[in-house]
Amino acid sequence: MSDHRLVIVGSGPAGYTAAIYAARAGLDPVVIAGAVTAGGSLVNTTEVENFPGFPDGVLGPDLMDRMRDQAERFGAQVVYDDVVALDLTGPSKQAVTADSGIYTAHAVVLATGSEYRKLGLDGERRLAGHGVSYCATCDGALFRGKALIVVGGGDSAVGEALFLSRFGSSVTVVHRRGELRASAILTERAATEPKIGFAWHSAVTDILGDQSVTGVELTDTRTGATRSIAAAGVFVAIGHEPRSELVVGQVATDAEGYILTDHPSTRTDLPGVFAAGDVVDHVYRQAITAAASGCRAALDAQDYLGSLRSEAAIAASSA
Ligand code: NAP
């Protein structure tokens, strides 16, 4: 068991930015970064073109390495382990990890981010890793010369389709409506990429194949008509869900599991527990907005820890 002032759970832009600010404030934060997920979802992206300060773009993994290095430079301790249980209710918070024991702290910043939303199909579960993927950057090169499907209509889906067009013989974006949600710049790029086509008003209702994916069944969302198209890879990019499973029931969340904070602060309904990044935000969900909320969480934690010190000093002087 090791005792600290501040433990930060999660290592995306929110977690590392909280660590930079907290470390510079002398709080000696520990970042429990995840065993295989350190750096958060940006580690699975390629070029990030819209993070300010990088006019030529920056690779997602490089950006996260820089944030981590910046936090470590000021003394943050980064632990590559998974938190398996959290007890946040008392004045001493506990984070139980898989391998490196229990970390206790007076304050905790929850920056656990989000995970890929699933279609919820049997074929999706059965063929995950055998043609069904949630990460084009990770798996795209396995599908050279193959017909590919991307499901979704947001920036992630269109970005994945553009990336996959380097490898696949064709990429069909399957979207449940007749209009993309993605930004204009990505939409324009996809529209002019000859390998990318669209299946509009279509829901994937089955993923076909025994040992590996051979195609998908599509259902027209207006008429209910079904058809099958052949594909060797299905990339699901339909958004994310908050990774709040360890704290649901301890801190207040909304119906979808996003942690509720006392906006514009990052305070949760538990004293000493703060939340930042995608586990709070289902609207903006950008690296820069997550980083900004990580900054606010560190300042809020600093303020809280300062008030604990003041209370202790008052108690000691009146004893
Ligand atoms: P998103 O914007 O929430 O889009 C999710 C897409 O999946 C929507 O088109 C949605 O359809 C569709 N969808 C949701 N549930 C579905 C289901 N059960 N079945 C079929 N389709 C479903 O998520 P995102 O694309 O992951 O983007 C998340 C955030 O990250 C956004 O703010 C985005 O701008 C940002 N982002 C930015 C970049 C960048 O390059 N700047 C790259 C990636 C992500 P509807 O449209 O019908 O709702």
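Described below are features of the structure shown in this document. Quantities reported herein were computed from a predicted structural model and do not represent experimental measurements. (Residues numbered from 1 in each chain as written. Predicted model: local features only at pLDDT ≥ 70, side-chain atom pairs only at ≥ 80, totals over all residues. Heavy atoms only, no water.)

1. Topic: the pairing of strand E1 (residues 2-9)
Here is step 1 of the chain: Sheet analysis places E1 next to strand E8 (residues 102-110), joined by 7 bridges and oriented parallel. Each bridged residue has a counterpart across the sheet, and for Asp3 the counterpart in E8 is Thr104.
Here is step 2 of the chain: Pairing of E1 with strand E2 (residues 30-32) involves 3 bridges; the strand directions are parallel. Within E2, the position partnered with Val7 by the bridge is Val30.
Here is step 3 of the chain: Taken together, E1, helix H1 (residues 13-24) and E2 form a β-α-β motif whose crossover is right-handed. (Pairing = 2+ DSSP bridges. Helix = DSSP H or I, 4+ residues; strand = E, 2+ residues; numbered from the N terminus. Right-handed = clockwise from strand over helix to strand, strands pointing away.)

2. Section: the pairing of strand E15 (residues 215-220)
Here is step 1 of the chain: By the criterion of burial, E15 is predominantly enclosed, with 5 of the 6 residues buried.
Here is step 2 of the chain: Pairing analysis gives 6 bridges linking strand E14 (residues 202-208) to E15, with the strands arranged antiparallel. Counterpart to Ala203 in the pairing with E15 is Thr219.
Here is step 3 of the chain: Hairpin connection between E14 and E15: a loop of 6 residues separates the two successive antiparallel strands, and Gly209 in this loop has a positive phi of roughly 135°.
Here is step 4 of the chain: By the bridge criterion, 5 bridges tie E15 to strand E16 (residues 226-230) in an arrangement that is antiparallel. Note on E16: the bridge partner recorded for Glu217 is Ser228.
Here is step 5 of the chain: Counting the residues between successive antiparallel strands, the hairpin from E15 to E16 contains 5 residues, one of them, Gly224, with a positive phi of roughly 85°. (Buried < 20%, exposed > 50% of the residue type's maximum accessible area, 1.4 Å probe, protein only.)

3. Observations concerning the side chain of Asp281
Here is step 1 of the chain: Here Asp281 lies in the loop between strand E19 (273-275) and helix H7 (287-318).
Here is step 2 of the chain: At 6.7 Å, Arg285 is the nearest oppositely charged side chain to Asp281, a buried residue that forms no salt bridge.
Here is step 3 of the chain: Within the structure, Asp281 has its side chain in polar contact with the backbone nitrogen of Tyr284 (distance 2.8 Å).
Here is step 4 of the chain: For Asp281, the residues in contact, after removing those within four places along its chain, are Tyr258 and Thr289. (Lys, Arg positive; Asp, Glu negative; His and termini not counted. Salt bridge = Lys/Arg side-chain N within 4 Å of Asp/Glu carboxyl O. Polar contact = N/O pair within 3.5 Å; in protein donor to acceptor, adjacent residues only side chain to side chain. Contact = heavy atoms within 4.5 Å.)

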